[in-house]
Structure formats: C-alpha cells, structure tokens
Amino acid sequence: MLHINCDVGEGVGNEEILMPYINACNIACGGHAGDVKTMHEVVALAKRYQVEIGAHPSYPDRENFGRTSMDMMEDEFIKIIQKQITNLEEIVALHDAKIAHIKPHGALYNDVAKSEKKAQLFLDSIVKYKGKYKLYIPYNSVIEKLALKQNFEVIYEVFADRNYNDDLTLVSRKKEHAVLTKIEEVIPHVSLLKNEQKVKTISGTKVLMKSDTFCVHSDTLNAMQIIQKLHTYFNSESLQSLDNFPTYKRYGEAGLLLTWEAKMTQKVLYNVLEYQQNILNFNIKVILDVIQSNNSLLILYDNKKVNIKTLQHLLERLFLLESDKIQTSTRCCWEVPVCYDKTFGIDLEEIASNKKLSVSEIVELHTAPKYQVFSTGFLPGFFYLGGLDKRLHIDRKSTPRLEVKKGAVGIGGMQTGIYPKTSPGGWQILGNSPLNFFEVSKEKPCFAKAGDFIKFVSISLEEYERISEAISNGNYTIKSAEVC
Amino acid sequence: MLEILHSGLYTSVQDLGRFHHRNFGVPVAGVMDDYHAKLANHILGNEENDAVLEMTLQGAAVCFHKETQIAICGADLSATLNNQPMRLNASVKVSKGDTLTFGKRKYGVRTYLAIKNGFQTEIVLKSRSFYDGITPKIRVDKGDFIPYQVSLRPIETKSNIALQKEIFKSKEIDVYEGPEFDFLSKQQQEILFKSTFSIGLNNRMAYQLEEMLKNSCPSIITSAVLPGTIQLTPSGKLIILMKDCQTTGGYPRILQLNQKSIIRLAQKHTRDQIQFKKLST
C-alpha cells in the first residue's frame with residue numbers, strides 16, 4: 001500500500017472527500033493558514049477516517065501562504081513554532097486524538113532542507129517533542145543529517161506531484177515543470193521511487209532517494225483525480241487480495257452492489273453484517289439505503305451528490321478501519337412454537353414415506369437445530385433460514401399450492417421457512433406457528449433480524465389455540481435469549 | 001371525500017414509495033411513472049411525495065364531495081369533468097358534486113390524478129402506497145371514499161406544460177449492465193442489444209417479454225433486486241421487475257433500467273415493442 005499524506009486545513013475545504021484516500025494529514029495550525037475552526041473540523045475528520053494527524057507549522061506569513069522565506073529573531077521563531085504546535089495539541093486533546101508527526105511548511109520546509117542554521121533552529125524549537133512526534137523531512141537534506149545525529153525519529157517524505165533537481169531539492173515553483181499535474185507523469189514518478197528507491201530528476205538522471213510517505217498537494221489542479229488514480233493504481237489490487245473483501249459492482253444509476261463469496265455460510269453472513277453495521281455507524285449522508293442479503297449488500301446512494309467511484313473508495317476505506325468492538329449488536333435466539341399436528345402438517349405423511357422416517361423423527365430433526373436468519377425477503381417478514389438437517393432436504397412440490405396458510409412452516413430444497421402471510425407456495429408443509437412474523441403497525445415489523453437464530457418448539461393443538469388467543473389479546477411475549 | 005363510482009381497471013393510491021423497510025422484505029411500491037405523478041403534484045404546488053391515484057388503461061369514475069383543485073398527468077384516457085373534456089397537465093378547480101370520468105384510451109397506459117395536498121389515506125411504514133399485506137387495500141373499489149382536504153383558494157395555472165411525447169412514443173429502453181451481465185455469452189449479449197422485444201404479461205410487479213433468451217445461466221444466492229432489474233429465468237424468460245417487485249431474487253440480474261426507462265416502460269402496453277440501448281458506465 002502507498003502511504004499518502006496531504007496538507008490540509010488550508011481553506012481549500014476538500015478534506016471530507018480527501019480523507020478516505022490518505023494515510024496522514026498535515027494540519028495548518030495558524031502560521032500560513034488555519035484557525036481554531038478549521039483545526040477542529042479537520043481533526044474530527046482525520047479521527048473519523050483514522051488518518052494520522054500531523055502539525056504543519058510555518059513562518060507566520062498568511063499573506064504569502066508561508067511560501068516566502070523569513071529572517072526572524074531566534075527566540076521569536078522558536079516561540080512562534082511552538083505556539084502553532086500547541087494550538088493543534090489543544091484541539092487534538094479535545095477530540096481525544098493524537099498528533100503523530102510534525103512537518104514544516106512551504107518556505108520553511110525548503111530552508112531547513114538547505115540551511116544548517118535554519119535546520120538547527122527548527123530542531124531546537126521542536127526538541128521538546130522528540131520521541132513523541134516524528135518528523136517529516138526530505139531524504140539527503142541538511143535537516144536529515146542533523147535530525148538523525150540528534151536522535152529525532154524521521155520519516156522520509158517525497159512529493160508525488162513535484163519534480164526534483166539532481167541535488168534532491170525541489171524544482172522551484174517559479175520554474176516550468178515544477179509541479180506534475182498529469183497523472184501520466186505522477187504514476188511513473190511514484191513507481192520508480194517505490195520500486196527502485198530512485199527519483200528521475202529534472203535533468204533525466206536517476207538518483208537514489210528514500211521514501212516512506214508521498215505527499216500530494218491537495219490544492220493543485222487535478223489533485224483529487226491524482227489521488228484517486230494513485231489509490232486505484234497502487235492500492236486496489238492489494239485490497240482485492242484481502243480476506244473477506246467484497247467485489248464492487250455498479251447496480252443501476254444509483255446502486256453499488258457488494259458481493260462476498262457465493263456461499264450461505266455463517267462466516268460470509270457475519271462479514272456481510274459487520275460491514276453493514278460499519279457503514280450504518282459511519283452515517284454517510286449520501287447513502288440512502290443499505291439492503292442486506294445472504295452474501296451481499298446493495299448500497300443505494302444519492303447520485304446527484306457523489307459519483308460511484310468516490311463512494312466505492314470511501315467504502316473501501318471503511319473496510320480497512322478498525323471497528324469499535326462495542327458496535328456489534330447482540331444476536332438473539334427466538335423460540336418459535338410450531339404445531340406439527342396433522343391438521344397443519346399437511347405434507348408430513350408424504351415426506352415420511354418418501355424419506356423413510358417416522359413423523360416424530362421428522363419433527364425431531366426439524367426442531368433440533370438453531371436456525372440462523374440469513375436475510376429477510378421474498379415476502380414481507382419471510383426469513384431465509386440456514387441450518388436444515390441434510391436428511392430433510394427435499395424437492396419443492398411439483399405443482400405449487402395456490403394458497404399456503406399464514407404461519408405455515410415448510411421445507412423446500414435445502415431450506416426451511418415460515419410463510420408470514422397466506423400466499424401461493426411450493427414448499428412441503430410440516431406445521432404451523434401461531435406467531436405473527438410481520439406486523440405493519442410496529443416500528444420494527446419483524447421480531448428477528450439477520451444474524452439472529454430461530455428455534456422451533458413443538459406444541460400441541462391445545463397450546464396452539466391458547467397461544468393464538470393470547471396473541472390476539474396482546475398478552476403473549478415471544479421467548480428469546482441472547483446468544484454470545 | 002372522493003367517492004369511487006367506478007373503480008376502472010386497476011386504480012390504487014400511490015406516493016413515491018416505501019423506502020427503508022426493504023430489509024424486512026417490504027417492497028418499494030409507489031407510482032410506476034414518477035415523472036407524471038410528480039408533474040401532477042408540482043402543478044398543484046404539492047409535495048412531490050403527496051399521494052395520487054394511479055389509473056391503468058381504463059380510468060375510474062369519481063365524485064368530489066368537497067371543493068378543491070386537481071391535475072391529471074400521464075396517459076390520455078379522455079378525462080371529462082361533468083361530461084366536459086378536461087385538460088391534462090393543468091390545475092383544474094372542482095366543486096362539490098362534480099364528477100370526473102374517463103373514456104377512450106388515446107395514448108399511454110397510466111394516468112395520475114393528483115389533488116391539492118394529496119390524498120389522505122393511512123400512512124403505513126412511512127408511505128401511503130397500496131400494497132398487499134401492508135395497507136388495508138390493494139386497489140380502490142366502487143363505493144370507497146378516499147379522504148382529501150378541502151381547498152378553497154383556487155390556483156390558476158395559465159402556463160402550458162409541453163407534453164413529453166417521447167415518453168409514450170420511444171421504443172428505446174436505456175439499460176446498464178446488471179451484476180450478472182457477465183453470465184451471458186457474447187452472442188446472447190448481441191441478441192439483447194440488436195433485437196426488438198415485445199411486451200407480454202405485465203402488471204405493477206413485473207413486465208414479461210414475449211421473446212425468450214436461451215441460456216444455461218446458473219441461479220445466484222438470493223440477493224437484492226430493484227425496480228427496473230431484468231432477470232433471466234432458466235427457461236429463458238426475460239422479466240423486467242417494476243415497483244411492486246419483491247426485494248430479493250435468485251435469478252441472474254442481467255440488465256438494469258435507469259429511472260427514465262422505468263417511466264417509459266410504465267406507459268407501455270401488451271404487444272408494444274422495445275429495444276435495449278446500453279448505457280456506458
């Protein structure tokens with residue numbers, strides 16, 4: 001994976017779309033740009049996307065955006081650099097986040113790379129953070145040698161969108177070709193650095209250069225496009241190879257379908273449910289609905305506000321975030337009473353003779369497992385249940401019945417299920433449950449959700465009547481227990 | 001109250017649909033032709049989501065028991081107010097006792113009767129759209145009374161809204177590749193985009209196509225489907241799901257209509273012809 005950092009909080013206002021792509025950000029803390037408000041906003045976003053936070057101190061020169069070198073009194077310089085870092089520290093503390101690194105900005109960055117005096121002065125001003133925050137600096141610079149000698153922890157930074165001179169200084173912005181604005185230039189530049197630890201300088205020679213992190217200027221022309229392309233080029237493949245990573249496909253003009261392995265297994269289901277929970281917890285405004293099924297999630301989004309690629313990248317990032325343990329919702333096991341009497345179990349005898357089992361053996365096999373709810377579909381309140389005993393796998397009826405009663409419990413193929421309302425159906429019917437599986441008047445019309453379990457409990461005709469009456473009088477509570 | 005004197009062929013109350021309950025297996029439902037339903041509401045200054053009456057092929061006959069304004073948009077089913085021809089796509093004032101009837105179908109399939117502030121039938125799971133097992137009724141019947149608010153302040157609309165003829169005329173149905181489009185061979189893909197298909201059995205749930213597409217595509221693990229999804233059954237039937245479709249399905253989803261084409265299809269009748277045009281992604 002490519003480690004990408006961006007300078008942020010500089011008033012461009014694109015942090016919200018930027019954050020999902022980057023690993024670290026350098027936050028303007030009052031020197032060249034940034035104020036309390038922007039720092040709060042950017043720190044909150046960085047925390048949300050688990051992006052490393054860096055302080056980005058500068059010469060105090062908002063007018064020139066910190067891009068002009070300044071000669072300052074040493075005491076004053078130290079005070080001003082420390083003040084900027086403290087500004088950010090205070091805000092970061094309020095968000096219960098941490099600063100990871102410091103990166104000098106603009107002219108200061110260039111000065112400390114070239115001038116021993118300025119480099120030492122800068123190191124003096126941040127010496128109290130040594131061991132606490134890392135330092136972003138260019139490879140083979142003046143500050144690198146000093147910092148290493150004085151035991152600062154350094155991170156080698158390369159600009160993904162800037163050309164270098166033979167001495168590894170940046171080509172001045174005043175010259176032509178200082179900035180790489182075309183993606184066709186950026187990718188070979190980054191590839192060479194990443195794969196061969198070399199940079200092709202403006203003169204065309206390849207020079208050794210180490211890189212731990214790549215900076216992309218978020219305010220340059222095509223910046224977002226460059227970042228998206230870098231992500232696709234360098235990171236997509238490694239994401240695809242991750243375990244449990246779904247495939248992404250467009251589904252219509254405003255849908256993105258995420259599909260996991262084509263299996264109805266608990267492992268796949270839990271991957272689906274966990275990711276669904278992550279997406280819901282993240283509360284992304286452009287996502288209108290997340291429809292869960294056995295091995296897929298369909299994300300419906302507002303296509304007027306976000307394009308599919310950006311949404312996909314955002315979801316990919318979400319997948320990589322470490323999730324809070326607290327977020328996983330508890331799973332319940334619901335006791336569903338079923339009367340397997342002949343009056344309801346209209347296919348019991350036929351199945352018995354087919355399968356060479358007694359009716360009571362069928363009931364035993366059917367009530368033994370805890371079935372897992374994989375999803376709800378087909379009809380409102382119809383649960384797809386997994387876990388039917390192989391001995392009960394059976395073909396559907398050759399001619400479907402025009403009417404299967406509400407509450408009918410059936411088997412068909414490798415599945416078992418309950419008809420939530422009277423409807424046509426082709427399953428073999430074993431019994432009937434007096435419960436309501438779909439109640440429109442309730443905020444949550446179904447008592448069970450995907451991931452929960454259903455346990456069928458055999459009841460007599462008398463109990464069936466008693467429970468039915470209790471339900472219609474409103475004094476029946478479905479038995480349930482929390483599972484794990 | 002609006003009194004239903006005659007129900008027409010298939011008349012139901014619909015708003016834009018029932019979203020956010022699909023994870024309970026509840027279909028979206030809602031108006032088949034969003035464009036004309038929204039247009040009728042806009043003409044009256046209503047909210048887009050206000051409930052309208054959707055009429056199919058043969059309109060209903062209704063009597064207004066309170067003064068209000070109405071607008072009719074969509075198919076031309078020869079609407080007459082008190083036996084006088086009524087303008088489409090315009091706000092029309094109605095008085096107590098006025099009757100609205102429909103006659104010969106001139107073009108289109110579905111027409112929308114919007115009323116000032118919308119019909120006030122019961123909201124179930126955040127929508128008024130009729131659906132079996134969700135709302136008390138599936139369609140309106142003779143003798144039903146549908147509530148609406150009295151509205152005394154008449155709005156005069158002088159503006160003329162140009163009829164979007166291509167909605168009714170165009171054969172072109174724009175589609176994206178569906179999630180299982182790759183299941184099809186090059187030859188099958190070619191057939192899909194080079195042939196003309198004709199509409200077979202159709203209702204609010206789905207439009208079947210007469211022509212078959214031979215295939216040996218495997219089923220998929222049940223997954224979400226949407227209005228506008230084209231499923232291919234093992235026997236080769238092409239089924240275009242519409243607003244009342246189930247939330248999930250196990251047939252390969254080979255194509256997906258865009259919003260505009262769902263609207264066009266909603267105005268197509270049995271034996272009408274369509275051609276698929278692929279949208280680039």
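Position numbers for residues count from 1 along each chain, tracking the sequence in the order it is written. Chains carry letters from A onward and ligands carry numbers from 1 onward, assigned in written order. Side-chain atom pairs in this predicted model are given and counted only at pLDDT of 80 or more, local residue features only at pLDDT of at least 70, and totals for whole chains, interfaces and linings cover all residues.

(A) Expanded view of the environment of R466 of chain A. All names here are of chain A. The helix count covers DSSP runs of H or I at least four residues long, the strand count covers runs of E at least two residues long, and both are numbered beginning at the N terminus. Its place among the elements puts R466 in helix 13 (residues 461-472). Look at R466 and you get partly exposed, because 15 C-beta atoms sit within 10 Å. Separated by 32 residues in the primary sequence, R466 and P434 place their C-alpha atoms 9.5 Å from one another. Any residue whose C-beta has 12 or fewer other C-beta atoms within 10 Å is treated as exposed, any with 20 or more as buried, and any in between as partly exposed, C-beta atoms being built from the backbone.

(B) Broad picture of the domain arrangement of chain B. Residues and elements named next belong to chain B. Where each domain begins and ends follows an automated or database-derived domain assignment. Domain boundaries in chain B define domain 1 (2-165) and domain 2 (170-278). Between the C-alpha centres of domain 1 and domain 2 there is a distance of 28 Å. Placing a C-beta atom from the backbone of each residue, one calls two residues in contact when those atoms lie within 7 Å. Listed per partner, the contact involves 16 residues of domain 1 and 14 residues of domain 2. Every element with two or more residues in the side of domain 1 that touches domain 2 is listed here: helix 1 (34-43) and strand 10 (107-115). With three residues, strand 10 is the largest single contributor of residues to the side of domain 1 that touches domain 2.

(C) Region of the structure containing the environment of G8 of chain B. Residues and elements named next belong to chain B. Considering the arrangement of structural elements, one finds G8 in the loop between strand 1 (2-6) and strand 2 (11-14). Note: C-alpha distance between G8 and K142 (134 residues apart in sequence) is 8.9 Å. Each residue touching G8, except ones within four places of it in the same chain, is listed here: M55, Q58, G59, A60 and F102.

(D) A look at the packing of helix 9 (residues 266-282) of chain A against helix 10 (residues 308-320) of chain A. All names here are of chain A. Convention adopted: a line fitted to C-alpha atoms gives each axis, helices being fitted over their contacting stretch, and angles between N-to-C directions are expressed from 0 to 180 degrees. Between helix 9 and helix 10, whose axes approach to 10 Å, the crossing angle comes to 110 degrees. With respect to each other, helix 9 and helix 10 are oriented roughly perpendicular. In this structure, the crossing between helix 9 and helix 10 has a hand that is right-handed. Between helix 9 and helix 10, the contacting residues are Y275, N278, I279 and F282 on the first element and L315, L318 and F319 on the second. Put simply, Ala, Val, Leu, Ile, Met, Phe, Trp, Tyr, Cys and Pro go in the nonpolar bin, Asp, Glu, Lys and Arg in the charged bin, and everything else, Gly too, in the polar bin. The residue makeup of the contact of helix 9 with helix 10, split by class, is six nonpolar, one polar and no charged. For classification purposes, an angle smaller than 35 degrees is called roughly parallel, one larger than 145 roughly antiparallel, one from 65 to 115 roughly perpendicular, and anything else oblique. We call a crossing left-handed when the near helix sits turned anticlockwise from the far one by less than a right angle, and right-handed when that turn is clockwise.

(E) Quick peek at the sheet that holds strand 9 (residues 99-102) of chain B. All names here are of chain B. Only strands that DSSP links by at least two bridges are regarded as paired with each other. Read from one edge to the other, the open sheet built from six strands follows the order 7-6-9-4-1-11, with strand pairing classed as antiparallel. At either margin of the open sheet sits one strand with a lone partner, and together these are strand 7 (84-85) and strand 11 (145-146). The pairing of strand 1 with strand 4 (residues 61-64) spans four bridges and is classified as antiparallel. Residue pairing across strands places L2 opposite F64, the latter belonging to strand 4.

(F) Summary view of the pairing of strand 13 (residues 197-202) of chain B. Residue and element names in this part refer to chain B. Where strand 13 meets strand 20 (residues 273-278), two bridges bridge the pair, whose relative direction is antiparallel. Looking at strand 20, one finds that S198 is bridged to Q273. Across two bridges, the pairing between strand 13 and strand 14 (residues 206-212) is antiparallel. Among the inter-strand pairings, N202 is bridged to a residue of strand 14, identified as Y207. Taking the residues that link successive antiparallel strands as the turn, the strand 13-strand 14 hairpin has three residues.

(G) Looking closely at helix 10 of chain A. Residues and elements named next belong to chain A. Helices are assigned an expected span. That span is 1.5 Å times one less than the residue count. With 13 residues, helix 10 should reach 18 Å at 1.5 Å per residue; the first-to-last C-alpha distance of 19 Å fits that figure. Those residues of helix 10 that sit buried are L311, H313, L314, L315, E316 and R317. Residues of helix 10 that are buried make contact with helix 8 (223-240), strand 11 (255-259), helix 9 and strand 13 (296-301).

(H) Seen up close, the interface of chain A and chain B. In this complex, chain A contributes 30 residues to the contact, which on the side of chain B involves 26 residues. Elements with a contribution of two residues or more to the side of chain A that touches chain B: strand 10 (247-250), strand 11, strand 12 (287-293), strand 13 and strand 15 (371-376) of chain A. A per-element tally of the side of chain A that touches chain B places strand 12 of chain A first, with four residues. When grouped by side-chain class, the residues that make up the side of chain A that touches chain B number 14 nonpolar, eleven polar and five charged.

(I) The nonpolar core, seen in detail. The term nonpolar core means buried Ala, Val, Leu, Ile, Met, Phe, Trp, Tyr and Cys residues held together as one set by C-beta atoms within 7 Å. I454 of chain A together with A40 and V52 of chain B are the most contacted members of the largest nonpolar core, which totals 134 residues. If you look at the next biggest cluster of nonpolar residues, it comprises 64 residues, including I27, A46, A119 and V190 of chain A.

(J) Expanded view of the domain arrangement of chain A. All names here are of chain A. Here the domain parsing of chain A yields domain 1 (4-240), domain 2 (247-327) and domain 3 (331-483). Contacts between the two partners involve seven residues from domain 2 and, on the opposite side, eight residues from domain 3. Contributing elements (two or more residues each) for the side of domain 2 that touches domain 3: helix 9 and strand 12. Of the residues forming the side of domain 2 that touches domain 3, the biggest block, three residues, is contributed by helix 9. Considered class by class, the residues forming the side of domain 2 that touches domain 3 number three nonpolar, four polar and no charged.

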